[in-house]
Amino acid sequence: MAILVTGGAGYIGSHTTVELLATGHEVIILDDFSNSSPKVLDRLKTITGKNIAFYEGSILNKPFLNKIFKENNIEAVIHFAAFKAVGESVKEPLKYYHNNIVGTISLLEVMAENKVKNIVFSSSATVYGVNNISPLTEDMPTSATNPYGYTKVMMEQILNDVAFADKEWSVTNLRYFNPIGAHESGLIGEAPNGVPNNIMPYITQVAVGKLQELSIFGDDYDTPDGTGVRDYIHVIDLAKGHVLALKDNLATTGSHVYNLGAGQGYSVLDLVKTFEKENNVTIPYTIKPRRAGDIATCYANSNKAKEVLGWTAQKTLADMVRDSWRWQSQNPNGYEE
Ligand SMILES: NC(=O)c1ccc[n+]([C@@H]2O[C@H](COP(=O)([O-])OP(=O)(O)OC[C@H]3O[C@@H](n4cnc5c(N)ncnc54)[C@H](O)[C@@H]3O)[C@@H](O)[C@H]2O)c1
Ligand SMILES: O=c1ccn([C@@H]2O[C@H](COP(=O)(O)OP(=O)(O)O[C@H]3O[C@H](CO)[C@H](O)[C@H](O)[C@H]3O)[C@@H](O)[C@H]2O)c(=O)[nH]1
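Presented here is a report on the structure given in the accompanying data block. Residue positions within a chain follow its written sequence, with the count starting from 1. A letter from A marks each chain and a number from 1 marks each ligand, given out in the order of writing. Two thresholds apply to this predicted model, a pLDDT of at least 70 for residue-level local features and 80 or more for giving and counting side-chain atom pairs, whereas whole-chain, interface and lining totals are computed over all residues. Hydrogens and water are ignored here; the side-chain numbers use all heavy atoms of the structure.

This brings us to the site of ligand 1. Each residue is tested against the molecule or strand, and it is near if at least one of its non-hydrogen atoms lies within 4 Å. Of all residues adjacent to ligand 1, which total 28 residues, the nearest are Asp-31, Asn-35, Ser-36, Asn-99 and Tyr-148. For this analysis, a polar contact is any N or O atom pair within 3.5 Å, provided that within protein one partner can donate a hydrogen and the other can accept it, and provided that sequence-adjacent residues contribute only side-chain to side-chain pairs. Contact distances for ligand 1 include 2.8 Å between an oxygen atom and a backbone N or O atom of Tyr-11. The contact in question runs from a nitrogen atom of ligand 1 to an N or O atom on the backbone of Ile-59, over 3.1 Å. Throughout, the Shrake-Rupley method with a 1.4 Å probe supplies accessible areas, and for residues the shown protein chains are the sole cover considered. When isolated, ligand 1 has an accessible area of 820 Å², and the protein chains bury 95% of it. Secondary structure elements are taken from DSSP: a helix is a run of H or I of four residues or more, a strand is a run of E of two residues or more, and numbering for both begins at the N terminus. Looking at the shell around ligand 1, the elements with two or more residues in it are α1 (11-22), β2 (26-31), β5 (118-124) and α6 (147-165). If you tally residues by element for the shell around ligand 1, the top one is β5, at three residues.

A few words on the site of ligand 2. Every one of the 20 residues lining ligand 2 counts as a neighbour, but Ser-124, Ser-215, Arg-230, Arg-291 and Asp-294 are closest to it. A distance of 2.9 Å separates an oxygen atom of ligand 2 from a polar backbone atom of Ile-199. At a separation of 2.5 Å, an oxygen atom of ligand 2 approaches a polar side-chain atom of Asp-294. Isolated, ligand 2 exposes 690 Å² of accessible area, and the fraction of that covered by the protein chains is 89%. Here the shell around ligand 2 gets four residues from one element, more than from any other, and that element is strand β8 (residues 214-217). When residue character is reported, Ala, Val, Leu, Ile, Met, Phe, Trp, Tyr, Cys and Pro are called nonpolar, Asp, Glu, Lys and Arg charged, and the others, Gly included, polar. For the shell around ligand 2, the class distribution of residues is ten nonpolar, seven polar and three charged.

In this analysis, rings of Phe, Tyr and Trp, with Trp reduced to its six-membered ring, are considered paired at centre separations within 6.5 Å, and the interplanar angle assigns stacked below 30 degrees, edge-to-face beyond 60, and tilted for intermediate values. This structure, assessed with the given rule, holds six aromatic pairs. When the centroid spacing of 5.9 Å and the interplanar angle of 70° are considered together, the rings of Phe-275 and Trp-325 count as edge-to-face. Of this pair, Phe-275 sits in helix α9 (residues 268-279) while Trp-325 sits in helix α11 (residues 317-330); the two residues are 50 residues apart in sequence, bridging distant segments of the chain. Across the pair, exposure class does not vary: Phe-275 and Trp-325 are buried alike. For every residue, the accessible area obtained with a 1.4 Å probe (protein chains only) is divided by the maximum for its type, and the residue is called buried under 20%, exposed over 50%, and partly exposed between those limits.

Any helix carries an expected span of 1.5 Å times its number of residues minus one. Relative to the 16 Å expected for twelve residues at 1.5 Å per residue, α9 spans 16 Å between its end C-alpha atoms, a close match to the ideal helical length. Every buried residue of α9 is listed here: Val-268, Leu-269, Leu-271, Val-272, Thr-274, Phe-275, Glu-276 and Asn-279. Of the residues trailing α9, Asn-280 is marked for its positive phi of about 55°.

No statement about biological role is implied by the geometric values presented.
Following this line, the structure appears as structure tokens:
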């Protein structure tokens, strides 16, 4: 029995593939490379020593999806495939609603037709919106401030409704906090197109000389040093969380939701200082005005994942910044030559 990993060539999907293979799962990757490179597949083979079945195409294409389900014995789906850039989603909302929501519905319809009713879904801490106070717990009300966030809120709702209507389904919504870091080999990592939106790839691109300096968005928040506080989680810990969530998903029915965060908040300055110290590089920065839509503090209460899944984040902030830097310094242009 195999696990279908949609978006498996992407940042989190590729690391999760490594952990799935390491724990004895068979993996099939589906990706349209809209935000990733085919080179990931060679790197995954080097890391795992295994040939991984791969299908190139979109989750929007139902005949293509059907073919995958007919050709393989699929036990469950881990669903990463989506667009994820918040700013772009504000400018091109239909692109986001179409790919993320229509794509997920297309996938769910084909899964149901093929009687595969186990799915683990990439949700986000963004569904906690701006009004909940950290540490965030799974029972808090959800909301969003941009189309990307709304796609996550809606997809959680769609999955919960599907599991409510048909008791054979098992759906698991995983709310990721701020994934950073990379596989310790330095062979796979985060490779955003264009100028990065997120802090870690921005820092590593400054460190490698591709960008001049970091802009820190605000130093007047109500936080210990005035800069934004987030719950950074090593992508390998996150990947291990998927393996445990999958095990739980396969053993149960109904809908489940778990925070995957380290449960510890660090400020932007904590992150920059730790990066500089661990990697012995300097990150020039200037303080800029707050970024629209940002909140002061966001971190998880991850007790539920600990108690039910037996999952806790193991890696430290120092591990995260070292691994991010190893990836970027060995691959200054990501997967490009
Ligand atoms: N990285 C984060 O900070 C973060 C935080 C919370 C949630 N998430 C969610 O986790 C998931 C994975 O994120 P990531 O950081 O690995 O992003 P990513 O862009 O690196 O990976 C997503 C992959 O999906 C593929 N894809 C997109 N649309 C597709 C389609 N229609 N058909 C087939 N493939 C398609 C892309 O080519 C890419 O390889 C996403 O759903 C994202 O919204 C990410
Ligand atoms: O160039 C930058 C980029 C970010 N920041 C700051 O760094 C922190 C982290 O910002 P990111 O953009 O890396 O991450 P966010 O927490 O804003 O958002 C990310 O994590 C969220 C979950 O918590 C959602 O999933 C969202 O989609 C995803 O982009 C924030 O305080 C932000 O203001 C900067 O100072 N400079």
